[in-house]
Number of protein chains: 2
Amino acid sequence: MSELHATSIRLQDLGIDRTTLLIDERRARANIDRFAARARASGTVLRPHFKTHQSATVGDWFREAGVTRATVSSLGQAAYFADHGWDDILLAMGVNPLEVAGYSALAARVRLGLLTDNATTIAAIGAGLSQPVSLWLDVDVGYGRTGVAWKDTETLGALARAAGTAPALRLAGLLTHAGHSYHDQDAADVFASSLHRLTACRDALASSGIGPLAISAGDTPGFAAVDLWTGLDEARPGNFVFFDLMQLVAGACTAGDLACAVASPVIGVYPDRNQVVIHGGAVHFSREHLLEQQGASFGRLLTLGPDGFSDLLEGWSLVSLSQEHGVLEARGAGAQSELQTLQPGDLVMIAPVHSCLSCEQFTSYRTLDGTRIQRYRRD
Amino acid sequence: MSELHATSIRLQDLGIDRTTLLIDERRARANIDRFAARARASGTVLRPHFKTHQSATVGDWFREAGVTRATVSSLGQAAYFADHGWDDILLAMGVNPLEVAGYSALAARVRLGLLTDNATTIAAIGAGLSQPVSLWLDVDVGYGRTGVAWKDTETLGALARAAGTAPALRLAGLLTHAGHSYHDQDAADVFASSLHRLTACRDALASSGIGPLAISAGDTPGFAAVDLWTGLDEARPGNFVFFDLMQLVAGACTAGDLACAVASPVIGVYPDRNQVVIHGGAVHFSREHLLEQQGASFGRLLTLGPDGFSDLLEGWSLVSLSQEHGVLEARGAGAQSELQTLQPGDLVMIAPVHSCLSCEQFTSYRTLDGTRIQRYRRD
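Because the structure is predicted, anything quoted here is derived from the model rather than measured.

Thresholds applied
Residues numbered from 1 in each chain as written. Chains lettered and ligands numbered in written order. Predicted model: local features only at pLDDT ≥ 70, side-chain atom pairs only at ≥ 80, totals over all residues. Heavy atoms only, no water. Helix = DSSP H or I, 4+ residues; strand = E, 2+ residues; numbered from the N terminus. Rg over C-alpha atoms; globule rule 2.2 N^0.38 Å. Buried < 20%, exposed > 50% of the residue type's maximum accessible area, 1.4 Å probe, protein only. Areas by Shrake-Rupley, 256 points an atom, 1.4 Å probe, with all protein chains shown as cover. Contact = heavy atoms within 4.5 Å. Salt bridge = Lys/Arg side-chain N within 4 Å of Asp/Glu carboxyl O. Polar contact = N/O pair within 3.5 Å; in protein donor to acceptor, adjacent residues only side chain to side chain. Least-squares fit on C-alpha atoms with pLDDT ≥ 70 in both. Phe/Tyr/Trp six-rings, centres within 6.5 Å; stacked < 30°, edge-to-face > 60°. Lys NZ or Arg CZ within 6 Å of the ring centre and 35° of its normal. Arc of directions from axis to C-beta. Domains from an automatic or database assignment. Buried area = accessible area lost by both parts, 1.4 Å probe. Expected span 1.5 Å × (residues − 1). Pairing = 2+ DSSP bridges. Disulfide = S-S within 2.5 Å. Axes fitted to C-alpha atoms, helices over the stretch in contact; angles between N-to-C directions. Parallel < 35°, antiparallel > 145°, perpendicular 65-115°, else oblique. Left-handed = near helix turned anticlockwise from the far one by under 90°. Nonpolar A, V, L, I, M, F, W, Y, C, P; charged D, E, K, R; others polar.

Overview of the overall build of chain A
Along chain A, the regular secondary structure elements total 13 helices and 21 strands. Relative to a compact globule of 379 residues, whose C-alpha radius of gyration would be 21 Å, chain A shows 22 Å and is just as compact. Counting only C-alpha atoms, chain A reaches 70 × 40 × 35 Å along its principal axes. Buried residues in chain A amount to 63% of all 379 residues. Only carbon and sulfur atoms are counted for the fraction: they give 49% of the accessible area of chain A, which is about 12900 Å².

Brief notes about the interface of chain A and chain B
Chain A puts 59 residues into the contact, and the matching count from chain B is 59 residues. Applying the counting rule to chain A against chain B returns four salt bridges. Between Glu99(A) and Arg18(B) there is a salt bridge whose closest N-O contact spans 3.7 Å. At the surface where chain A touches chain B, the tally comes to 34 residue pairs in polar contact (both at pLDDT 80 or more).

Some points on the relation of the copies chain A and chain B
For the pair chain A and chain B, the best superposition has an RMSD of 0.0 Å and corresponds to a rotation of 180° with a translation of 0.0 Å parallel to the axis. A rotation of that kind, with that shift, is consistent with a two-fold axis. Using C-alpha coordinates, one finds that chain A approaches the rotation axis most closely at Arg287(A), a distance of 2.7 Å. Here 100% of the interface residues in chain A have copies in chain B that are interface residues too; the copies meet face to matching face.

Considerations on the packing of aromatic side chains
Any two aromatic rings considered together are summarised by their centre-to-centre distance and by the angle between their planes. Using the criterion set out here, one finds 24 aromatic pairs over all chains in the structure. Ring plane angle 65° and centroid distance 6.3 Å describe the contact between Phe35(B) and Phe243(B), whose orientation is recorded as edge-to-face. Taken together, the residues Phe35(B) in helix H2 (residues 25-42) and Phe243(B) in the loop between strand S10 (234-235) and helix H10 (245-250) connect sequence positions 208 residues apart. Relative to Tyr365(B), the ring of Phe242(B) has its centre 6.4 Å away and its plane inclined at 90°; by these criteria the two rings are edge-to-face. Of the two residues, Phe242(B) is situated in the loop between S10 and H10 and Tyr365(B) in strand S20 (residues 364-367); the sequence distance between them amounts to 123 residues. Overall, Phe242(B) belongs to the buried group, its relative accessible area being 0%. Through successive ring pairs, a cluster of aromatic residues spans Phe35(A), Phe50(A), Phe62(A), Tyr80(A), Phe81(A), Trp86(A), Phe191(A), Phe223(A), Trp229(A), Phe240(A), Phe243(A) and Tyr376(A). Arg273(A) extends its terminal NZ or CZ atom over the ring of Tyr270(A), reaching a point 4.2 Å from the ring centre.

Focus on helix H6 (residues 119-128) of chain B
Residue and element names in this part refer to chain B. Taken together, the buried positions of H6 are Thr-121, Ile-122, Ile-125 and Gly-126. Seen end-on, H6 carries its buried residues on one side only, within an arc spanning 125°. Structural note: H6 exposes Ala-123 and Ala-127 on the side pointing more than 90 degrees away from its buried face. Those residues of H6 that are buried lie in contact with helix H5 (100-107), strand S5 (111-116), strand S6 (133-140), helix H7 (153-164) and strand S8 (169-176). Among the residues of H6, the N-terminal cap falls to Asn-118, whose side-chain oxygen and the backbone nitrogen of Thr-120 are separated by 3.4 Å.

As for unusual backbone geometry
Of note, the bond from Gly211(A) into Pro212(A) is cis; its omega dihedral lies within 30 degrees of zero at 5°. Within the element layout of this structure, Pro212(A) appears in the loop between helix H8 (187-207) and strand S9 (214-217). Residues other than glycine seldom take positive phi values, yet Ser286(B) does so here, at roughly 65°. Within the element layout of this structure, Ser286(B) appears in the loop between helix H11 (282-285) and strand S13 (290-292). Classification of Ser286(B) by relative accessible area gives buried; the value is 6%.

Regarding the domain arrangement of chain A
Residues and elements named next belong to chain A. Per the domain assignment, the segments of chain A are domain 1 (3-23 + 259-374) and domain 2 (26-239). When each unit is reduced to the centre of its C-alpha atoms, the spacing between domain 1 and domain 2 is 34 Å. The interface is formed by 14 residues belonging to domain 1 together with 15 residues belonging to domain 2. Across the domain 1/domain 2 interface, buried area totals approximately 1000 Å², and carbon plus sulfur atoms make up 49% of it. The tally of links from domain 1 across to domain 2 stands at zero salt bridges. Linking domain 1 to domain 2 there are six residue pairs in polar contact (both at pLDDT 80 or more). When residues of the side of domain 1 that touches domain 2 are traced back to their parent elements, those giving at least two are strand S16 (308-312), helix H13 (355-359), strand S20 (364-367) and strand S21 (372-374). No other element matches H13, which puts three residues into the side of domain 1 that touches domain 2.

A word on helix H8 (residues 187-207) of chain B
Along an α-helix, residues three or four apart share an orientation, since each turn contains 3.6 residues. Residue and element names in this part refer to chain B. Given a rise of 1.5 Å per residue, 21 residues ought to cover 30 Å, and the 30 Å separating the end C-alpha atoms of H8 matches this to within 8%. Those residues of H8 lying buried are Ala-187, Val-190, Phe-191, Ser-194, Leu-195, Leu-198, Cys-201, Arg-202 and Leu-205. Buried residues along H8 cover an arc of 135° about the axis, so they all sit on one side. Each element contacted by the buried residues of H8 is listed here: S6, H7, S8, strand S9 (214-217) and helix H9 (220-225). Regarding H8, its N-cap is Asp-186, as a side-chain oxygen of that residue lies 3.3 Å from the backbone nitrogen of Ala-188 further along. Gly-209 lies just past H8 and shows a positive phi near 85°.

A few points about the pairing of S16(A)
Each regular strand carries side chains that alternate between the two faces of the sheet. Residues and elements named next belong to chain A. With three bridges joining them, strand S15 (residues 299-305) and S16 adopt antiparallel strand pairing. Paired with Leu-304 across the bridge in S16 is Phe-309. Count of turn residues in the S15/S16 antiparallel hairpin: two residues.

Digging into the pairing of S8(B)
All names here are of chain B. Burial of S8 is extensive: six of the eight residues sit out of reach of the surface. Where S6 and S8 come together, six bridges link them in parallel fashion. Looking at S8, one finds that Leu-137 is bridged to Leu-174.

Notes on the side chain of Asn239(A)
Residue and element names in this part refer to chain A. By the element assignment, Asn-239 lies in the loop between strand S10 (234-235) and helix H10 (245-250). On the basis of relative accessible area, Asn-239 is assigned to the buried category, the value being 3%. Looking at Asn-239, its side chain comes within polar contact range of the side chain of Gln-247, at 3.4 Å. Each residue touching Asn-239, except ones within four places of it in the same chain, is listed here: Thr-52, Tyr-182, Thr-220, Asp-244, Gln-247, His-354, Ser-355 and Cys-356.

Quick notes on the state of the cysteines
One pass over the full model with this rule turns up zero disulfides over all chains. The closest cysteine sulfur to the non-disulfide-bonded Cys260(A) is located on Cys359(A), 4.3 Å from its own sulfur.

What about the pattern of salt bridges?
With the rule as written, the count across this model stands at 42 salt bridges over all chains. The structure contains a network of salt bridges with shared partners spanning Arg47(A), Arg69(A), Asp88(A), Arg111(A) and Glu234(A).

Digging into the packing of H2(B) against helix H3 (residues 56-64) of chain B
All names here are of chain B. Interhelical geometry of H2 versus H3 gives an angle of 45° and a closest axis separation of 9 Å. With respect to H3, the element H2 is oriented oblique. Crossing of H2 against H3: the hand is right-handed. Counting all contacts with H2, which are made through Glu-25, Ala-28, Arg-29 and Ile-32, the residues of H3 involved are Trp-61, Phe-62 and Glu-64. Among the residues making up the contact of H2 with H3, the classes are represented as four nonpolar, no polar and three charged.

See below:
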């Protein structure tokens, strides 16, 4: 029996009959444990970003690994995790002054951290918050998306002093997202440079009498590339819980670390063009893609063994996506002969390019014992 | 007051305080009425694809325009619209044999149409369905995604005869999605060629004693480009209800037809690089983009006037997206001077590149009188 056929039978035995996001819990827990151990060895608090999974159950796996602080990217996610017992939550998305009432309501329930890079927002929330929050200043260490440039300690100092005049704001520290580790260069270099810049920035502010300030960074490629994070107070990577093809290509994980995949039914087989069409499209994988020699790839085939996900299957690529359809292509003799064993009604399992965006498309996940686990849904 | 500032105030007056999908109901109804009138004039039944909006309320707008048949792309969507009074539903996605029990349950409640292009599936549902359904054969008229090639009447004849032996299957017709109208060539040419090929295919099958068969096609660019659809039995365009930037670029609509947009809070303003960062990312816009001279664009600014959406604002583009962040760039003196009027806490309104994928990211929409309208959510 081909690996693909065996995988289809195993998936059907789990009760899967439609497009479903699967989590290999053993792999996800191993990823969590590895990063939690690094944080402990470094004397750094792991405050993982929960935007990747957005699931209370996966949050429990983190808690069992000793994690007690969480990062989220929306007020809705923060409220969801507060409802599920998390009492120290950082909303690492620039404050939206229109939601100040929501921040106050949440800060009445949990230790809430907020983030901004501008005086307008500090004035608005300083005046509007009815509950104290921790305020982090967003520092740009080179990514260029948000934040005050790390060398601009004059602006950062002014923001710190403005925060100091607002009774509801307790200045907590300096925070960065070094997202350029995904694109530009060696991720370990980005990590080292981010840590250096945050530290220099903190020290410069300290010499003006501002502080003590904690420093926080968090991007999966950087934190995967470096074993010890010593010097950093808080670490906020998130994607590492599941990883994905983008991280694999970036060298942040091995294929054996990939912990989520999308099971998709085959609805058509086209041997003359070496393609299979699945019910699995942009609304399941997102349109995030890798550029490979042969063109764009939106995913790659995994198989399911008796102990969980196995390795990527060579010679297959998800080459195009419509809203609900995906086209899987077999390249090379091995894959093309496996294609002959597929037929409509089979299930295939595909590793997504970007797990955060793929998970966001689902309202629940399944683990490999068939359990359905819930996740946050936006209103 | 700048247009942008006036828009922000109007949006706040509607009670918008976070990233929200807005529908201009007047524009959407005008789009519906225009397509419904074309169908009537053509003697063609409009069976619009509801995958774009997936909302019972928007479905009601179609019903008020005389539409009684619907197209959907998943069993879940079909059940949702059945729950909301639609009793003639075509699931225009290749049948998944694993869901045969679900098809039977639905077919007990509504006239259900199913689609396939292969004998394996016909055998599986022929044996498995407990309720009669209408079966459409998927014909490829040039898109090359799914379907039997339109010239291969031998295979189509064999499928028709196989369906004829299954008591639960009533052969309804030949169906195509001419998705190449989005990419390759003149959309009116694609429409004409699709109609010609479907007709020729039907006639060839009729001469072998198969039929009578209806013919059905549906892609928004083709149906927007051609005023009269005469000769076609059913028309299934869907995107036209809201249109989007992709359709605008393809010439399928004017800027005045764009009927959905994403209101997003500004969280940071960066005049030195002519950029604004919003809470509005890949999880709101999808990662669908247009390639423009200056690079990728994920959306463009609209303003909100007293009567609804106004025109696109020149000089602005949504140039990059992370999971929850978007970067808006002002190009040229006009836009750069408008940028000076923005601050965190303002709301901007952005037309998405692909409305189907952007709508899919939300669990409800708002109309411009502030009403929240529900949409289907996957389990």
